[in-house]
Amino acid sequence: MHCSPASSSTLCSIQVGTPQSYGFEDAVDTHDTPWTTGFFKTGIEGRVFADKTNLTGDGQADLKNHGGVDKAVLAYSADHYSKWRQELGKPDLPHGAFGENLTIAGLSEASVCVGDIFRVGTVTLEVSQPRQPCWKLARRWRMHELTGLVVRNGRSGWYLRVLEPGWIEAGMPVALMERPSPDWPIARANEILHHRKTDLRLALELANVPRLANSWVGELRERAERLSTPVA
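Residues numbered from 1 in each chain as written. Predicted model: local features only at pLDDT ≥ 70, side-chain atom pairs only at ≥ 80, totals over all residues. Heavy atoms only, no water.

A. Representation of the environment of leucine 107 in the model. If you trace the backbone, leucine 107 turns up in the loop between strand 7 (102-105) and strand 8 (117-120). Ignoring anything within four residues of it in the chain, the contact list for leucine 107 reads Ser9, Ser77, Asp79, Val112, Phe118, Trp158 and Val174. (Helix = DSSP H or I, 4+ residues; strand = E, 2+ residues; numbered from the N terminus. Contact = heavy atoms within 4.5 Å.)

Structural data, given as structure tokens:
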């Protein structure tokens with residue numbers, strides 16, 4: 001599998017949000033029990049500054065599993081929204097619904113590769129890993145099955161490092177500058193992590209992809225060690 005040829009792509013919208021607490025004690029529905037999250041994002045008009053670990057005005061509640069240099073910015077394909085709106089019966093599903101900071105038209109998991117370097121405005125971004133959807137996505141939309149749906153259909157989104165901080169604004173073109181690993185689209189990485197869990201060779205191949213996030217490398221190497229250990 002190779003990345004699809006790069007085509008014209010545009011930053012459609014920018015969303016940020018800081019951690020807030022929701023829910024209440026003694027809730028009957030598990031969706032209403034107390035939780036804290038930065039998943040709820042608000043669209044931003046005008047310029048936004050992208051720094052090494054965040055966009056200005058953005059934040060994460062769970063810093064163990066979210067945020068940091070390898071997960072500074074979450075991107076999602078604007079092209080997926082028409083499918084989701086139809087499939088979920090939510091015709092008004094807004095950009096940012098999947099917790100993303102950048103909603104980009106013209107890119108997808110099939111056309112973005114691990115290690116790709118993009119230029120947007122004065123910012124240089126590098127693709128670090130696919131996004132692994134967690135339970136907060138399902139809870140945000142009160143749909144238990146939503147996280148599993150994302151895993152199955154591969155519309156995950158991807159994380160970006162900020163190599164050169166600067167200003168971005170909705171409407172700017174997203175230009176591919178470098179593609180060091182054309183054999184490793186996000187879609188292929190998703191397939192290996194979620195659906196090829198017993199393939200030792202592929203686990204090691206993906207773990208060795210340059211610029212893949214350290215957390216993924218560690219998880220894949222642990223998997224490879226388990227697969228290569230004889231069963232007693």
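B. Just the nonpolar core, in detail. Counting residues in each nonpolar core, the largest one holds 38 residues, and the members touching the most others are Leu55, Leu102, Ile168 and Leu206. One finds Tyr81, Trp84, Leu137 and Met143 within the second-largest nonpolar core, a separate group that totals 14 residues. (Core = buried A, V, L, I, M, F, W, Y, C linked by side-chain atoms within 4.5 Å. Buried < 20%, exposed > 50% of the residue type's maximum accessible area, 1.4 Å probe, protein only.)

C. Highlighting the packing of helix 5 (residues 200-207) against helix 6 (residues 214-228). Put simply, helix 5 and helix 6 touch, their axes get as near as 9 Å, and they point 155° apart. In terms of axis orientation, helix 5 runs roughly antiparallel to helix 6. In this structure, helix 5 meets helix 6 at a crossing whose hand is left-handed. Judged by residue contacts, Leu200, Ala203, Leu204, Leu206 and Ala207 of helix 5 engage Trp216, Val217, Leu220, Arg221, Arg223, Ala224, Leu227 and Ser228 from helix 6. Residues belonging to the contact of helix 5 with helix 6 are distributed by class as follows: ten nonpolar, one polar and two charged. (Axes fitted to C-alpha atoms, helices over the stretch in contact; angles between N-to-C directions. Parallel < 35°, antiparallel > 145°, perpendicular 65-115°, else oblique. Left-handed = near helix turned anticlockwise from the far one by under 90°. Nonpolar A, V, L, I, M, F, W, Y, C, P; charged D, E, K, R; others polar.)

D. The pairing of strand 1 (residues 10-16), seen in detail. With respect to burial, strand 1 is a largely interior element, five of its seven residues being buried. Two elements, strand 1 and strand 7, share four bridges in a ladder whose sense is antiparallel. Looking at the pairing, leucine 11 lines up with isoleucine 104 of strand 7. In the sheet, strand 1 pairs with strand 4 (residues 42-43) via two bridges, with the strands oriented antiparallel. Considered in strand 4, the bridge of glutamine 15 is made with glycine 43. (Pairing = 2+ DSSP bridges.)

E. Spatial organisation of the packing of aromatic side chains. Per the counting criterion, the structure on display carries six aromatic pairs. Here tyrosine 76 and tyrosine 81 contribute two aromatic rings whose centre-to-centre distance is 5.9 Å and whose plane-to-plane angle is 80°, an arrangement assigned as edge-to-face. When its relative accessible area of 0% is taken as the criterion, tyrosine 81 is described as buried. Taken together, the ring pairs in this structure connect Tyr76, Tyr81, Trp84 and Phe98 into an aromatic cluster. (Phe/Tyr/Trp six-rings, centres within 6.5 Å; stacked < 30°, edge-to-face > 60°.)

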